[in-house]
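# Residue-level structure breakdown
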Amino acid sequence: MERKKERPYVLEIENLSYSYGRRNAIENINLKIDEGSFLGLVGPNGSGKSTLIKSILGLLTPQKGSVKIFGKPLNKFRDWSRIGFVSQKANSFNSGFPATVYEVVSMGLYGKIGMFRFLTKKHKEKIIEAIEQVGMEDYINQNIGQLSGGQQQRVFIARALVSEPSLLILDEPTVGVDARSVNNFYTMLKQLNEEKGITLILVTHDIGAMSEYVTDVACINKFLHFHGGAQEFEFQQEEMMSALYGHDVQVLTHNHDHHHHHEYDGGAPQ
Ligand code: ADP
Ligand code: MG
């Protein structure tokens with residue numbers, strides 16, 4: 001693929017490995033992400049997706065390799081308000097949680113203005129704009145706990161958007177979102193990417209419809225197995241699916257003598 005030189009990389013990940021104990025959760029990951037792209041980061045449960053994201057965000061310290069964010073090494077990077085993160089566990093408010101959609105989204109500004117400073121008119125406009133961007137304007141004064149999983153997730157995205165990040169990372173945002181809403185949710189993300197120019201990383205274990213919305217795909221299962229354009233991915237999708245998900249299951253039913261082959265053995269990806 002041709003790449004325009006003047007567009008900087010948002011992320012440059014080199015030879016990155018992280019292990020919680022003796023076994024690597026991710027190993028030798030090399031990945032460069034272009035500004036303005038919408039990357040689908042896919043892999044089965046336990047394949048190291050969250051480990052990779054936490055390493056990017058500096059929440060974990062990798063044993064090997066390096067990460068650059070907006071051209072800066074991770075340990076020199078300070079401008080965290082340029083990065084929005086919505087984690088897997090975001091939508092766990094119970095129904096009694098006493099905060100409205102507006103209040104939850106306003107929390108996204110505290111990093112910028114400090115917890116007890118007053119919100120200016122400009123801030124209030126930004127809050128409303130972020131709520132509109134995720135299509136939740138009809139729920140602005142509703143309690144967060146009374147919304148569906150998918151609606152709550154939109155509110156968390158609005159909270160991440162309110163500080164106007166250039167990179168937004170979503171770790172399994174559609175867990176708990178009903179299947180019918182998932183496509184609407186992806187459409188909203190695609191619009192954020194195209195209209196606002198926000199670089200997006202969407203982490204998911206569900207390859208499903210994702211590839212219709214993203215510009216690029218990265219497949220990991222401890223190692224990076226694939227990184228390329230969404231069309232290129234669709235072309236190879238079946239191969240990729242069986243390499244990442246299907247293979248083990250088939251071996252399991254047909255070959256009882258080689259149990260160790262059921263688990264990915266850590267060999268280099270083809
Ligand atoms: P994913 O997000 O793709 O489901 P994770 O990055 O959460 O995968 O996990 C990758 C591997 O690391 C898994 O084998 C998981 O069990 C292991 N792991 C994740 N978190 C921890 C932890 N805090 N301590 C020990 N092992 C962990
Ligand atoms: Mg995860």
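What counts and how
Residues numbered from 1 in each chain as written. Chains lettered and ligands numbered in written order. Predicted model: local features only at pLDDT ≥ 70, side-chain atom pairs only at ≥ 80, totals over all residues. Heavy atoms only, no water. Helix = DSSP H or I, 4+ residues; strand = E, 2+ residues; numbered from the N terminus. Contact = heavy atoms within 4.5 Å. Expected span 1.5 Å × (residues − 1). Buried < 20%, exposed > 50% of the residue type's maximum accessible area, 1.4 Å probe, protein only. Arc of directions from axis to C-beta. Axes fitted to C-alpha atoms, helices over the stretch in contact; angles between N-to-C directions. Parallel < 35°, antiparallel > 145°, perpendicular 65-115°, else oblique. Left-handed = near helix turned anticlockwise from the far one by under 90°. Nonpolar A, V, L, I, M, F, W, Y, C, P; charged D, E, K, R; others polar.

### Some words on the environment of Tyr-102
Of note, Tyr-102 is situated in helix H2 (residues 101-106). A C-alpha to C-alpha distance of 7.1 Å links Tyr-102 and Ile-127, two positions 25 residues apart in sequence. For Tyr-102, the contacting residues outside a window of four places in its chain are Leu-119, Lys-124, Ile-127, Ile-128, Ile-131 and Ile-140.

### Focus: helix H6 (residues 179-196)
The first and last C-alpha atoms of H6 sit 26 Å apart over 18 residues, in line with the 26 Å expected at 1.5 Å per residue. Among all positions of H6, only Val-182, Phe-185, Tyr-186, Met-188, Leu-189, Leu-192 and Asn-193 are buried. Relative to the axis of H6, the buried residues are bounded by an arc of 155 degrees and lie together on one face. Residues of H6 that are exposed and point over 90 degrees away from its buried face: Arg-180, Glu-194 and Glu-195. Structurally, H6 contributes buried residues whose contacts are with strand E3 (38-42), helix H4 (121-133), helix H5 (149-161), strand E7 (167-171) and strand E8 (199-204). Following H6 by one or two positions, Gly-197 has its phi on the positive side, about 70 degrees.

### Considerations on the packing of H5 against H6
One way to put it is that H5 packs onto H6 with a least axis distance of 12 Å and a crossing angle of 15 degrees. Relative to H6, the element H5 lies roughly parallel. In this structure, H5 meets H6 at a crossing whose hand is right-handed. When H5 is examined against H6, the residues Gln-153, Arg-154, Ile-157 and Leu-161 are found in contact with a partner set consisting of Asn-184, Phe-185, Met-188, Leu-189 and Leu-192. Of the residues in the contact of H5 with H6, the class split is six nonpolar, two polar and one charged.

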